[in-house]
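The lines below spell out each chain.
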Amino acid sequence: MEPGTVVILTGPPGAGKSTTARSLATSFERSVHLHSDDFWHYIVSGAIPPYLPESHGQNETVMEVLRSAAFAYAAGGYVTFVDGIIGPWMLDHFLNPRDLGSVPAMQYIVLRPSREETLRRAQSRGTQDALVSSGPVVSLWDQFSNLGEWEGHAIDTTSHSPADTVAAVQSAMTGASYILSASS
């Protein structure tokens, strides 16, 4: 993979984004793992849970900050993994033609286990800040269930172990099917 590539690894809560991104980032000489949840936690006053409709403005701001960080690292020659809930409804932040010239390639990979498996995984996580409530988890899975023009970017990870998911994403990263461009 070319230095400066940005890989957006997304999917519903519990899909394995963070585990996979962290594992993949360690396999490169120069890499960064941007855990998007951290960017929401940086808001110390006035934070709105990002899955609520009234969080739209906040979420737009966080995406702009996340994009800026990803592109700055990429411009510095780092393979940059962005992990988080970045559905097609947020891709416009990353597809701005003014920024795309600063990165050699950008990939969009959606991890999507079944609805039942997503809920099971999300609710079995032990981290205190993890989203485990069934309502938001299922709602977010539903939003990733039909990606329209982006459907070819989804990997069914229902029966995958963490190692299987890492291998599937490594394979995806070697092909052209997951590449984003300004014309996407």
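About the cut-offs
- Residues numbered from 1 in each chain as written.
- Predicted model: local features only at pLDDT ≥ 70, side-chain atom pairs only at ≥ 80, totals over all residues.
- Heavy atoms only, no water.
- Buried < 20%, exposed > 50% of the residue type's maximum accessible area, 1.4 Å probe, protein only.
- Helix = DSSP H or I, 4+ residues; strand = E, 2+ residues; numbered from the N terminus.
- Contact = heavy atoms within 4.5 Å.
- pLDDT = per-residue confidence, 0-100.
- Pairing = 2+ DSSP bridges.
- Salt bridge = Lys/Arg side-chain N within 4 Å of Asp/Glu carboxyl O.
- Phe/Tyr/Trp six-rings, centres within 6.5 Å; stacked < 30°, edge-to-face > 60°.
- Lys NZ or Arg CZ within 6 Å of the ring centre and 35° of its normal.
- Axes fitted to C-alpha atoms, helices over the stretch in contact; angles between N-to-C directions.
- Parallel < 35°, antiparallel > 145°, perpendicular 65-115°, else oblique.
- Left-handed = near helix turned anticlockwise from the far one by under 90°.
- Nonpolar A, V, L, I, M, F, W, Y, C, P; charged D, E, K, R; others polar.

(A) Region of the structure containing helix α6 (residues 134–144). Listing the buried residues of α6 in full gives Pro136, Val137, Val138, Leu140, Trp141 and Phe144. Each element contacted by the buried residues of α6 is listed here: β1 (6–10), β4 (106–111) and α5 (115–124).

(B) Layout of the confidence of the model for the protein. Scored by pLDDT, the protein has a mean of 88; 90% of the residues are at 70 or more. Taken element by element, the predicted model of the protein shows its lowest mean pLDDT in helix α4 (residues 97–100) (60) and its highest in strand β2 (residues 31–35) (97).

(C) Region of the structure containing the pairing of strand β3 (residues 79–83). Burial analysis of β3 places 5 of its 5 residues in the buried class, which makes it a mostly covered element. Relative to β3, β1 runs parallel, the two being bridged by 4 bridges. Pairing of valine 7 across the sheet is with phenylalanine 81, part of β3. The pairing of β2 with β3 spans 5 bridges and is classified as parallel. Each bridged residue has a counterpart across the sheet, and for histidine 35 the counterpart in β3 is aspartate 83.

(D) Here's a closer look at the pattern of salt bridges. Enumeration according to the criterion identifies 5 salt bridges in this entry. Glutamate 151 is the salt-bridge partner of arginine 112, the closest N and O atoms lying 2.3 Å from each other. Within this pair, whereas arginine 112 is found in the loop between β4 and α5, its partner glutamate 151 is found in the loop between α6 and β5 (154–155), the two being separated by 39 residues in sequence. A salt bridge links glutamate 117 to arginine 121, with the shortest nitrogen-to-oxygen separation between them at 2.9 Å.

(E) How the structure looks around the packing of aromatic side chains. The full count for this structure, using the stated rule, is 6 aromatic pairs. Each ring, one from tyrosine 73 and one from tyrosine 78, has its centre 6.0 Å from the other, and the planes form 85 degrees; the classification is edge-to-face. On the accessibility criterion, tyrosine 73 (37% relative accessible area) is partly exposed. Look at tyrosine 108 and tryptophan 150: their rings are 5.8 Å apart centre to centre, the planes differ by 75 degrees, and that puts the pair in the edge-to-face class. One end of the pair, tyrosine 108, is in strand β4; the other, tryptophan 150, is in the loop between α6 and β5, and 42 residues separate them in sequence. Considered together, tyrosine 108 and tryptophan 150 belong to a single accessibility category, that of buried residues. Lying over the aromatic face of tyrosine 78, arginine 30 brings its terminal NZ or CZ to 4.1 Å of the ring centre.

(F) Up close: the packing of α5 against α6. Contact geometry of α5 with α6 gives a least axis separation of 10 Å together with a crossing angle of 140 degrees. The orientation of α5 relative to α6 falls into the category oblique. Both α5 and α6 take part in a crossing whose hand is right-handed. Across the interface between the two elements, Arg115, Thr118, Leu119, Ala122 and Gln123 from α5 touch Ser134, Val137, Val138, Trp141 and Asp142 from α6. Looking at the contact of α5 with α6 residue by residue, the classes come out as 5 nonpolar, 3 polar and 2 charged.

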